[in-house]
Amino acid sequence: NLKNTEDKYENGNSSPDKNKSKDNETKESIRVGFFQLFRFASCSETCLMVFGGLSAMVHGAAQPCMLLVFGLMIDTFILYDIELQELRNPNRTCINNTIMWINGSFDAENETMSCGMLDIESEMTRFAGYYAGIGCAVLFLGYMQICFWVTAAARQIQRIRKLYFRKVMRMEIGWFDCTSVGELNTRMSDDINKINDAIADQVGIFIQRFTTFLFGFLLGFVNGWKLTLVIIAVSPLIGIGAAFMALAVARLTGRELLAYAKAGAVADEVLSGIRTVAAFGGELKEVDRYDKNLVYAQRWGIRKGVIMGFFTGYLWFIIFLCYALAFWYGSKLVLEEEEYSPGNLLQVFFGVLVGALSLGQASPCLQAFASGRGAATNIFETIDKEPMIDCMSEEGYKLDKVKGEIEFHNINFNYPSRPEVKILDRLSMIIKSGETTAFVGPSGAGKSTTIQLIQRFYDPPEGMVTLDGHDIRSLNIQWLRSLIGIVEQEPVLFATTIAENIRFGKDSATMEEIITATKEANAYNFIMELPQQFDTLVGEGGGQMSGGQKQRIAIARALVRNPRILLLDMATSALDNESEATVQEALDK
Ligand code: ADP
Ligand code: MG
């Protein structure tokens, strides 16, 4: 019974999930062309890649070249052997480079039979020289091919990382409401690595293999088009298989990535709230939640494995069938129709063989390209996205003088992550300059929201906020925020020393200013009692400070900027009455 209800529960759950995933399917599909992966390449990197590509091409042609030499060598051997056979007959001799009967009679059949031109030893030395030459060339070509591509990719990836993080920092706060921070983390590490795999050495290797394939088949065509044609006639079977595989892999990799990013987000959230999780005994539940996401990833991974496995087997099956066909028909051509010399036949055989093999080996590169494009879709879209509120914009007025009168005009507001819930309904108010204004209301009334609107974290859909009569949307945003000192409801400290945390309020703060600010915030005494005083590390997120200590450090951080507008969101909620009174006094001053 229990299992049944569980199943039902799962089934009930899965149908909306499916709808969602259908939506996602269009969203998560690849929208980055292969060449768009290189859009951040500079001139010098493009040059590196072009030279790397050329090296890869020549490198790829090396093996068919080797086969060419090989075929010639075989024919030379056979010619020499025939000559030896002929001259073993005591009645024949070599006159004027032609084989004649000693008694002078003429043999029409052997009229063109030449002899005496072959110095087999020097011929073989010549071939050895060719091989060695190809070897030396490959030494440099291989180096350039891999080194250039990897170098260029390393530089591009660094640029992509920079741009991505920079753009994420520029996004408006509403965007962060709608995006999981843990997912961003995973994207930064995994997805960018996937892009790297798609634009680095794999490209060089792909070009090399593809050139080998082209030249191998070319060799086949030139030396024996009939046989090559027969083999190629079945090659669409290979092409279709490879295409299906690349397509399926790209799709499934996207799904897999998504699932892993979700699992990563869960881990991130849980680890940062570990105390709460432990307090409520939620460890097992969180393990389950994490596992569940892994199971999704695994499911997609296994599907990918099944499809890739099937198509790999299929591809090689077809390739070996090609060999069978080639050998059967090829020997027919040599024996019955005498069209090919044995050297030619070997060239054709091995040319097509090596070409087909290389094509098979090139297909894993296609997978890397597809995963890279899948990973790039989201990253590039973020990079291209224009923030609605651009905190790095140079635009907007900077007022010469700020009185500090803030006015709300008929503001309607809802959070972008929850558009259907109206938070502020036609809010109008005036905060006069030089006054202390308090918002009073029950929890969830919208006090913190109002404060965030003053900081312009969000733009209200209707109405406007003005500072001294200027719409804050027309003001320079960095400048506006530089006027404001804020202590949030849950102040966030960064994992560094107390002094550094306070200096985040004002980069150029001297030690005296910091000490004054801490005295005003009633934090000086407790800081001096710590063993390392201002150099005490506050721990990750300020985790090694008490709530009240955190608040007082945050107040000092706000005060050290000596702001024109001071926003306190229940800034003294964690303080005892006595400390609160002291802080309040300082704030009033
Ligand atoms: P308070 O007056 O207690 O400070 P808030 O301004 O924080 O209240 O919240 C007002 C309402 O807005 C609450 O109902 C809350 O659920 C909602 N809210 C707050 N922050 C967000 C957010 N980032 N996204 C969506 N809704 C939010
Ligand atoms: Mg609040």
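The sections below set out a description of the structure shown in this document. These numbers were taken from a predicted model, which means no experiment stands behind them. (Residues numbered from 1 in each chain as written. Chains lettered and ligands numbered in written order. Predicted model: local features only at pLDDT ≥ 70, side-chain atom pairs only at ≥ 80, totals over all residues. Heavy atoms only, no water.)

Concerning the overall build of the chain
Secondary structure summary: the chain contains 17 helices and eight strands in total. Relative to its 589 residues, the chain shows a buried fraction of 40%. By sequence separation, contacts in the chain at least 24 residues apart represent 76% of the contacts at least 6 residues apart. Working note: accessible area of the chain is about 33100 Å², and carbon and sulfur atoms make up 58% of it. (Helix = DSSP H or I, 4+ residues; strand = E, 2+ residues; numbered from the N terminus. Buried < 20%, exposed > 50% of the residue type's maximum accessible area, 1.4 Å probe, protein only. Contact = heavy atoms within 4.5 Å. Areas by Shrake-Rupley, 256 points an atom, 1.4 Å probe, with all protein chains shown as cover.)

Here's the deal with the sheet that holds strand β6 (residues 470–471)
Ordered in space as β4-β3-β5-β6, the four strands form an open sheet in which the pairing is antiparallel. In this open sheet, the two strands that pair with only one neighbour each are β4 (424–431) and β6. Bridging between strand β5 (residues 462–467) and β6 involves two bridges; their strand directions are antiparallel. Within the sheet, the bridge partner assigned to Thr466 lies in β6 and is Asp471. The strands touched by helix α11 (residues 447–454) are β3 (406–413), β4 and β5; relative to β3, the strand with the most contacts, the crossing angle is about 115°. (Pairing = 2+ DSSP bridges. Axes fitted to C-alpha atoms, helices over the stretch in contact; angles between N-to-C directions.)

Comments concerning the pattern of salt bridges
Per the counting criterion, the structure on display carries 15 salt bridges. Two residues, Asp471 and Arg473, come together in a salt bridge whose shortest N-O distance is 3.3 Å. Through salt bridges with shared partners, a single ionic network connects Lys167, Arg170 and Glu386. (Salt bridge = Lys/Arg side-chain N within 4 Å of Asp/Glu carboxyl O.)

Notes on the packing of helix α9 (residues 283–337) against helix α10 (residues 342–384)
For the pair α9 and α10, interaxial distance at closest approach is 10 Å and the crossing angle is 170°. By the angle between their directions, the pair α9 and α10 is classed as roughly antiparallel. Residues Lys304, Met308, Leu315, Trp316, Ile319, Tyr323, Ala326, Phe327, Gly330 and Val334 of α9 pack against Leu345, Phe349, Leu353, Ala356, Leu357, Ser363 and Gln367 of α10. Across the contact of α9 with α10, the residue classes tally to 13 nonpolar, three polar and one charged. (Parallel < 35°, antiparallel > 145°, perpendicular 65-115°, else oblique. Nonpolar A, V, L, I, M, F, W, Y, C, P; charged D, E, K, R; others polar.)

Here we look at the side chain of Thr497
Relative to the helices and strands, Thr497 resides in the loop between β7 (484–487) and α13 (498–503). Judged by its relative accessible area of 16%, Thr497 is buried. Of note is the side chain of Thr497, whose polar atom sits 3.2 Å from the backbone nitrogen of Glu500. (Polar contact = N/O pair within 3.5 Å; in protein donor to acceptor, adjacent residues only side chain to side chain.)

Quick word on the site of ligand 1
Around ligand 1, the structure places 14 residues, and the nearest of them are Gly444, Gly446, Lys447, Ser448 and Thr449. Separating a nitrogen atom of ligand 1 from a side-chain N or O atom of Arg418 is a distance of 3.3 Å. When ligand 1 sits alone it has 560 Å² of accessible area, and the protein chains cover 72% of it. Counting residues per element, the shell around ligand 1 draws most heavily on α11, which supplies three residues. (Near = heavy atom within 4 Å.)

Overview of the environment of Trp149
Secondary-structure assignment places Trp149 in helix α3 (residues 120–170). Residue Trp149 is classed as buried on the basis of its relative accessible area of 6%. Each C-alpha atom of the pair Trp149 and Ile205 lies 9.7 Å from the other, and the pair is 56 residues apart in sequence.

Comments concerning the pairing of β5
Where β3 meets β5, five bridges bridge the pair, whose relative direction is antiparallel. Across the sheet, His409 pairs through a bridge with Met464, a residue of β5. What sits between the antiparallel neighbours β5 and β6 is a turn of two residues, in which Asp468 has the positive phi angle 50°.

A closer look at the nonpolar core
Of all hydrophobic cores here, the largest spans 36 residues; its most connected members are Leu37, Phe38, Ile160, Ile195, Ile379, Phe380 and Ile383. When residues of this core are traced back to their parent elements, those giving at least two are α2 (43–88), α3, α5 (181–199), α6 (201–233) and α10. What Ile379 contacts, discounting residues up to four positions off in sequence, is Ile160, Tyr164, Arg187, Asp191, Ile192 and Ile195. By size, the runner-up hydrophobic cluster in this structure holds 26 residues, among which are Ile502, Ile553, Ile555 and Val583. (Core = buried A, V, L, I, M, F, W, Y, C linked by side-chain atoms within 4.5 Å.)

Comments concerning the packing of aromatic side chains
Under the defined criterion, the tally for this structure stands at 20 aromatic pairs. Ring geometry for Phe70 versus Phe350: centroids 6.3 Å apart, planes at 80°, classification edge-to-face. Here Phe350 lies in helix α10 and Phe70 lies in helix α2, a separation of 280 residues in the sequence. What makes Phe350 partly exposed here is its relative accessible area of 30%. Through pairs of rings, three or more aromatic residues link up here, namely Phe34, Phe35, Phe38, Trp149, Phe206, Phe210, Phe213, Phe217 and Phe369. Lying over the aromatic face of Phe127, Arg126 brings its terminal NZ or CZ to 5.2 Å of the ring centre. Taking the ring centre of Trp300 as reference, the NZ or CZ of Arg303 above it sits at 4.5 Å. (Phe/Tyr/Trp six-rings, centres within 6.5 Å; stacked < 30°, edge-to-face > 60°. Lys NZ or Arg CZ within 6 Å of the ring centre and 35° of its normal.)

Quick notes on the environment of Pro364
Here Pro364 lies in helix α10. The class of Pro364 is partly exposed, set by a relative accessible area of 45%.

Focus: the environment of Ile78
With respect to the element layout, Ile78 can be found in helix α2. As for Ile78 and Ser341, which are separated by 263 residues in sequence, their C-alpha atoms are 9.7 Å apart.

Quick notes on the state of the cysteines
Here the structure, examined in full by the defined rule, presents zero disulfides. Left unpaired, Cys43 is separated from the closest cysteine sulfur, that of Cys47, by 6.4 Å. For Cys43, a relative accessible area of 67% puts it in the exposed group. (Disulfide = S-S within 2.5 Å.)

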